[in-house]
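Listed here are the chains, written in short residue letters.
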Amino acid sequence: MNFRAFVSVLALLPATGAAAAPFSSGDWETARIGSTCLVYNNAPARDTSGSLQFSFDVKGYNADFTYEYAPYTENEEDPWAETDLVEITIDGEDSWLGGEMFPVGMQDPYQISMTSGFVKDMAAAVADAQTTIDISVERESLGETWLYGRFSPAGFSESLAKAAEMCDFDPANLPES
């Protein structure tokens, strides 16, 4: 689901069992819509863009982690090619988890998504982060690596715990989806 569209829908829904009021902690928020709990950041650091989002169905099924780029203008070209490589840097150290993220493709050219089996590892990495989570893309055709988003981990652990409570799952023991 497109993150911006999700937030727009969330704002219009009343706080019911189907759509609970968001929970905020630091730079992260949690919301439940239907049977899906989302944990997403409030804003990237200055001079970067986009959003990070974890989603979990009830009991932790169908776990997903995505980065969605928010272009600065409507006329920007696609931010990456399907063959470009994603890099995740946590507290200044490269993480192997970047190798498990891939551009979604034509259906959403501004989104990269993680292989589902590694979402619990990404959640643990963000929870353990002290200062920053960076999402970069190695632009093969340009021979350059571009930093797209820099995010603070402040409040992530509390927001993830709230999502786990709302959707009844253990973030460290997600089921095979």
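Sequence order sets the numbering: in each chain, residues are counted from 1 along the sequence as written. Selection of residues for local features in this predicted model requires a pLDDT of at least 70, selection of side-chain atom pairs for listing and counting requires 80 or more, and totals for whole chains, interfaces and linings are taken over all residues. The basis for every side-chain value is the complete set of non-hydrogen atoms in the structure, without hydrogens or water.

J.: Could you clarify how one ought to interpret the packing of aromatic side chains in this entry?
T.: The way to describe two aromatic rings as a pair is by their centre distance and the angle between their planes. When two rings of Phe, Tyr or Trp (its six-membered ring) have centres within 6.5 Å they constitute a pair, described as stacked for plane angles under 30 degrees, edge-to-face for angles over 60, and tilted for the intermediate range. Following the criterion strictly, the structure yields 13 aromatic pairs and no others. Between the aromatic rings of Trp28 and Phe156, the centroid separation amounts to 4.9 Å while the plane-to-plane angle is 70°, which identifies the pairing as edge-to-face. Here Trp28 is found in strand E2 (residues 28-33), whereas its partner Phe156 is found in helix H3 (residues 156-167), with 128 residues between them in sequence. For the residue pair Trp28 and Phe156, the accessibility class agrees, reading buried in each case. When the centroid spacing of 6.1 Å and the interplanar angle of 40° are considered together, the rings of Trp146 and Tyr148 count as tilted. For Trp146, a relative accessible area of 34% translates into the label partly exposed. Ring pairing ties together the aromatic residues Tyr67, Tyr69, Trp80, Tyr110, Trp146, Tyr148 and Phe151, which thus form one cluster. Numbered from the N terminus, helices here are DSSP runs of H or I no shorter than four residues, and strands are runs of E no shorter than two. Here the term buried applies to any residue with accessible area under 20% of the maximum for its type, exposed to any over 50%, and partly exposed to those in between, with areas from a 1.4 Å probe on protein chains only.

J.: I'm lost on the sheet that holds strand E11 (residues 144-151) in this one. Help?
T.: In space, the 4 strands of this open sheet follow the order E7-E6-E10-E11, with antiparallel pairing throughout. The sheet is open, and its two borders are formed by strand E7 (93-95) and E11, each paired with just one other strand. With strand direction ignored, the average angle separating the axes of adjacent strands in the sheet is 30°. DSSP bridges decide pairing: two strands pair if at least two such bridges lie between them. Judged from the 6 bridges that link them, strand E6 (residues 85-90) and strand E10 (residues 133-139) form a sheet pairing that is antiparallel. Residue Val86 lies in a different strand from E10, and its bridge partner there is Val137. Each axis is a line fitted through C-alpha atoms, and for a helix only the stretch in contact is used; angles between axes span 0 to 180 degrees, taken between their N-to-C directions.

J.: What is the right way to read the packing of helix H2 (residues 119-128) against H3 from this model?
T.: Packed helices, taken two at a time, are described by their axes: the angle between them and the distance between them. Put simply, H2 and H3 touch, their axes get as near as 8 Å, and they point 140° apart. It follows that H2 is oblique to H3 by the angle criterion. Residues Ala123, Val126 and Ala127 of H2 form the contact with H3, whose participating residues are Phe156, Ser157 and Leu160. Considering only residue class, the contact of H2 with H3 consists of 5 nonpolar, 1 polar and no charged. Relative orientations are named as follows: roughly parallel for angles under 35 degrees, roughly antiparallel for angles over 145 degrees, roughly perpendicular for angles from 65 to 115 degrees, and oblique for any other angle. Contacts are assigned to residue pairs with any non-hydrogen atoms lying within 4.5 Å of each other. Following the grouping adopted for this structure description, the nonpolar residues are Ala, Val, Leu, Ile, Met, Phe, Trp, Tyr, Cys and Pro, the charged ones are Asp, Glu, Lys and Arg, and the polar ones are all others, Gly among them.

J.: Before we go on, may I ask you to explain the nonpolar core in this structure?
T.: Side chains of a nonpolar character, in soluble globular proteins, are inclined to be buried together. To define a nonpolar core, start from buried Ala, Val, Leu, Ile, Met, Phe, Trp, Tyr and Cys residues and group those joined through side-chain atoms within 4.5 Å. Judged by nonpolar contacts, the single largest core of 38 residues is most densely connected at Phe54, Phe56, Tyr67 and Met122. Sort the elements by how many residues they give to this core and H3 lands first, with 6 residues.

J.: Is there a simple way to explain the state of the cysteines in this structure?
T.: Throughout this description, disulfide means a covalent bond between two cysteine sulfur atoms. Cysteine sulfur atoms are paired as a disulfide whenever they fall within 2.5 Å. The full count for this structure, using the stated rule, is 1 disulfide. In this model, Cys37 is linked to Cys167 through a disulfide, with the two sulfur atoms separated by 2.1 Å. In this structure, the disulfide formed by Cys37 and Cys167 twists by about 90° around the S-S bond and is classed as right-handed. Note that Cys37 is positioned in strand E3 (residues 36-41) and Cys167 in helix H3, a separation of 130 residues in sequence. By the burial criterion, Cys37 is buried, and Cys167 matches it.

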